[in-house]
Amino acid sequence: MRFTLNGAATEVAAHPMSRLLDVLREECNLTGTKEGCGEGECGACTVLIDGVPVVSCLVPVAQAEGHEVTTIEGLGDDHPLQHHFMNEAGAQCGICTPGMVLVASTIPADASLDDIRVALAGNLCRCTGYEAIYRAIMKAREATA
Amino acid sequence: MPAVGTSVVRKDGIGKATGRTKYADDLVFPDMLHGRTIRSTIARGRVTGIRYDFDTTGFTIVDWRDIPAAGRNVVALLEDDQPYLVEQEVLHLAEPIVLLAHADRETLNAATVVIEYEREEPLFDPETSGIILKSLGIDKGNVEAGMLEADVIVEGTYRTGHQEHVYIEPNGVIAVPEEGGIAIHGSIQCPFYVEKALKSLMGDDAYIRVVQTETGGGFGGKEEYPSMISGHATLLALKSGHPVKIIYDRTEDMVATTKRHPSIVRHRTGVMKDGRIVAMDVDIVIDGGAYVTLSPVVISRGGIHAAGPYRCDNTRIRGRAMFTNTPPNGAFRGFGAPQTLFAVEAHIDRVAEALEMDPVDFRELNALRPGDTTATGQILTGDCSALDVLREAVRRTDFRARREALRGTNRGIGLALFYHGAGFTGSGELRLASKAKLALTPTGVRILVSSTEIGQGTRTMHAQIVADSMGIPYEDVEVAQPDTKKVPDSGPTVASRTCMVVGRILQRCATEMRERLGNLTPAEYFARHGALEVLKEHEPPAWIQWNDDTYSGDAYATYAWGCDVAEVEIDRDTYEVRPVKFTAVQEFGKAIHPALAKGQIEGGTAQGLGFALLERVVMRDGGMANASLTNYTIPTTLDTPEMDIVILDNPYEDGPFGAKGLGELPIDGPAPAVINAIRHLAIDVREIPATPEIVYAACASR
Amino acid sequence: MRSALTPLELRRPASVDEALRMMRDEALQPIAGCTDVYVGLNFGTLATQRFIDLDRLDALRTIDASGDTLSIGALATYTSIMEHAAVRERLPMLVSAASQIGGLQIQNRGTLGGNVANGSPAGDALPVLAVAEATIVLRSAEAERRVPFTTFYTGYRASVMRPDELIVALEIPRVHGRQWFRKVGTRAAQAISKLVAAGVRNDAPRIAMGSVAATTVRLPRTEAALATPDGLDAALIALREEISPIDDIRSTGDYRRDVAANLVRRFWTDTA
């Protein structure tokens, strides 16, 4: 199966019913995508398919065929959100952070705090109480506005 | 520029935000096998037969007979009662019996092991099980005489349920054969606990190295249980000669590992008409589960905090941790105190109500002040801030006016006043004799401690303390990965002790290092003279006197203080209670890193709100029936309210730069504040989680 | 993932006709957004091993609002439903339901057809389809048939759909009157419904509920009572006899019974 992974053409040999999560972690060696629950509840395994957030534990790799998949590694090392998650202590233990950052990267610039809450409702964080995550996102938007 | 008191960039921030940081499940070792645990499916009985219904080619199979001759089938902790693997007797559901390993995960998962049992009647009710794991008594004055003197006596019973940690990274370790022994790489809070437990498994002379990998949350849940998983991975690795990785999925993690102890707390409080508390009689029962594990320490901390932050000359506290045939309950942020503080703070509102007193006035009158003694007889000094946090919280929320304004609406407001002892109880820190080390590097200095970074900011906060104590830039301080072959034993990363205790040792190391460097920078000194290390041991304040037999004396070196105010809204159709605004005023000496400290309070508050309202473990036949993140619901972004966090300074003389402990304090207040807000809606709930079903039942019984 | 992959098979048709031929010739479990099926695979609780992936059948994603009947393709995701102007205008209660199903990631993948096919009594969109008097369009290689939503389910997760049939669309006639939707979940977001209800207020009021019986149910006697003047009290009595909620790991029968009555009352006052 072929798909575009973080901008590069990729071919994988996995079983078509393999979870995209496992293919990314084990065949593509991109371990930034995390497994927290295996039932689409925690959002730690969030990736973007054609720019849209999905939970990769619920996606058969076959359905990625021909699409563009973006993982946390695809945002590079210098994305404003990454810096602000770091600076605002939006990451504590860090296991939810890749998923949070990826969803945050799709939130429109004019979104209100309530919109941000709604957008992140599918990403569980047990460390922060979410407040520092909102601060990181708001700061990143101020910086790019 | 000083680093302490500023929100410097956390050391591990960018690795986490870019996904580059490696956690246990991200690591692969050559020729690694995957391990799996076969567990009991009954709560109590005896194993009568084990059948392997699969082609065992390529499998490594381990049972209790594979435990090395030099070792014992005991997960060493406080008591030697818990086995790594069942020999015959099963005491709880999901108890490990057999271990399997295979190179292919799919083949591993497909293997079927049939275990035959002779069932016995399990004990599930801690109040009737009759088997006491640990009991304690705290006595001050004469409680019966106090009750006789009292104008009014108020009684009440309060209950809390299990709580699951839900660190987002489930438990997992890898055991790697090394130097004829074993190296563990894993998601671990306390590497030296694992080392001690593996010594019991492999014998004292075995080579054992324990390395903490980046850990995706702990909250106490990775304090004792990783010893069990590490032992299992070790047995498989020793038998197969291969590295073995065991990663629990969410369901296994929830069903098999520890949870917060459920509690039943009974209060009987004597008060005078003017509001003075003259007698407090408290009886605590917690459900310990099937093995002792940490229950004695949990009931201890729970008992010491049970009378709340109030002055009372006649206090009697009785506590019992009881056996049941359920998976052992264990460490969870707060460690018994959230249960007993919930009870006392819910009760205090009812006592004030019985006297027709305002809950703030009642607390103002009775709150501990410097010079007062606690239930264990500890005399408090200037580090007691009960009144300060109470007054600030009341002022900040305009509590009295707000309470009046909300009367008769669908909103209620309530508060809770609480405290939390920092560090190990009594003489515990003396016994621990924790050590910390600093070593010069060609560019600066390296911290060597076994304190783990589990998200709370250990690395960053320790580096700040060392940087300022040495007068060098924060960036020049690096932090070694906890590895029991490289770092000294700094004690476990628990009990709100990592900043106050280990940070203090590091501060002393840094001060001495600075003296030895003289006018040279670390780099200059290293270039001229080479390596230099400073190792120091904790010196608890000399005045601490504690009697373990009578449970009296100085229970903790100091306490942190908090007052939380919760405003909630009820939906009268569905009995759903949602927190809409939350204010937390907390004093923990000094915030080394204000943003991280705020993060601890916000995160602990969210976890406390889950404990209060959402997080219900459904136990059926001795096991968790709702073991998934779908059915055990922790707060999402839409379940957590706007939070106003206020940090009060009150530097503590024996803490680094004045810091006390903070990690646990924030989870003590939310549950009672929420229950008191529900009470303000004239709904009498004395049990958490106050799910809509519980609130409905309270309304229906009116 | 606990389920073994090796024995699993996946057919990937490129057209609806090809899919229907496969469904005729083989015993296959359709999958699309996979938000339910992978939960079973991950936990090792799914017995099915042969799957047919509908993901490439873009023809089934169409939402057509050109006529009096709103036709929503079975593969329309909750996100596409929420974002569709005509659905927002004509069926706001469905938009409410879609916006409360899971988090963003689930809304982006979960499909309306999947919600119907899965047939959970807690399915969030199902009470809406019940009160909207939706028709389920079923197609096989041989024929197409239309089944009214209210006669589709025959019991707990059982329906009249044959193994060779696919749900291709939901057809929803114009709804006259005020629409109402309420989900009572286990928390504010990402929640399974403990109760879920939808209603339409007009001369012949309609109300349906989930998680109060083995399937999503319309409540005809409650509706009939509501249609009479001052019928709310009678409706609440009728309701008690029409629902049979149970205790489970998420809630209690007592709570559900009481709150169901409150929801009927709320429906009636909100839409007055």
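Residues numbered from 1 in each chain as written. Chains lettered and ligands numbered in written order. Predicted model: local features only at pLDDT ≥ 70, side-chain atom pairs only at ≥ 80, totals over all residues.

With 27 residues of chain A at the contact, the number on the chain C side is 22 residues. When its residues are assigned to classes, the side of chain A that touches chain C shows 14 nonpolar, nine polar and four charged. (Contact = placed C-beta atoms within 7 Å. Nonpolar A, V, L, I, M, F, W, Y, C, P; charged D, E, K, R; others polar.)

Turning our eyes to something else, we now look at the pairing of strand β23 (residues 559–571) of chain B. Within β23 of chain B, eleven of the 13 residues are buried, which leaves the element mostly enclosed by the surrounding structure. Connecting β23 of chain B to the next strand, strand β24 (residues 576–587) of chain B, in antiparallel fashion are four residues, including Tyr 575 of chain B with a positive phi near 60 degrees. (Buried ≥ 20, exposed ≤ 12 C-beta atoms within 10 Å, placed from the backbone. Helix = DSSP H or I, 4+ residues; strand = E, 2+ residues; numbered from the N terminus. Pairing = 2+ DSSP bridges.)

Val 466, Leu 506, Val 674, Ile 678 and Ala 690 of chain B are the most contacted members of the largest nonpolar core, which has 357 residues in total. Those residues in contact with Val 466 of chain B, other than ones at most four positions away along the chain, are Leu 438, Val 445, Ile 447, Val 477, Leu 506 and Ala 510 of chain B. (Core = buried A, V, L, I, M, F, W, Y, C linked by C-beta atoms within 7 Å.)

As a further point, take unusual backbone geometry. Residues and elements named next belong to chain B. Each neighbour pair has its own omega, and for Ile 688 with Pro 689 the value is 0 degrees, a cis peptide bond. Here Pro 689 is to be found in the loop between β28 (687–688) and α18 (692–700). Its identity is not glycine, yet Val 166 carries a phi of approximately 50 degrees, on the positive side. With respect to the element layout, Val 166 can be found in the loop between β8 (152–160) and β9 (172–178).

We now examine helix α4 (residues 191–202) of chain B. Residue and element names in this part refer to chain B. For α4, with twelve residues, the first-to-last C-alpha span of 16 Å sits near the 16 Å given by 1.5 Å per residue. Turning to α4, its buried residues number three or more, namely Pro 191, Tyr 193, Val 194, Ala 197, Leu 198, Ser 200, Leu 201 and Met 202. Gly 203 sits one or two positions beyond α4 and adopts a positive phi of about 100 degrees. (Expected span 1.5 Å × (residues − 1).)

With that settled, consider the packing of helix α8 (residues 337–354) of chain B against helix α17 (residues 670–680) of chain B. Residues and elements named next belong to chain B. Relative to each other, α8 and α17 sit at 25 degrees, their axes nearing to 8 Å. Classed by the angle they form, the pair α8 and α17 counts as roughly parallel. Every pair of crossing elements has a handedness; the one defined by α8 and α17 is right-handed. Contacts between α8 and α17 involve Pro 338, Leu 341, Phe 342, Glu 345, Ala 346 and Asp 349 from the first element and Ala 671, Pro 672, Ile 675, Asn 676 and Arg 679 from the second. Partitioning the contact of α8 with α17 into residue classes produces seven nonpolar, one polar and three charged. (Axes fitted to C-alpha atoms, helices over the stretch in contact; angles between N-to-C directions. Parallel < 35°, antiparallel > 145°, perpendicular 65-115°, else oblique. Left-handed = near helix turned anticlockwise from the far one by under 90°.)

The next point concerns the sheet that holds strand β3 (residues 50–53) of chain C. Residues and elements named next belong to chain C. Taken together, the three strands give an open sheet; going across it, the order is β1-β3-β2, and neighbouring strands pair in parallel fashion. The sheet terminates laterally at β1 (9–11) and β2 (29–31), the two strands that pair on one side only. Ignoring strand direction, the axes of neighbouring strands in this sheet form an average angle of 35 degrees.

Our next topic: the sheet that holds strand β6 (residues 135–139) of chain C. Across a sheet, strands are paired by hydrogen bonds formed along the backbone, either parallel or antiparallel in direction. Residue and element names in this part refer to chain C. Ordered by their spatial adjacency, five strands build an open sheet running β4-β5-β10-β6-β7, and the pairing between neighbours is antiparallel. Looking along the sheet, the strands with just one partner apiece sit at the ends: β4 (63–64) and β7 (144–148). Sheet topology places β6 next to strand β10 (residues 166–172); five bridges connect them, and they run antiparallel. The residue bridging Thr 135 from the neighbouring strand is Glu 171, located in β10.

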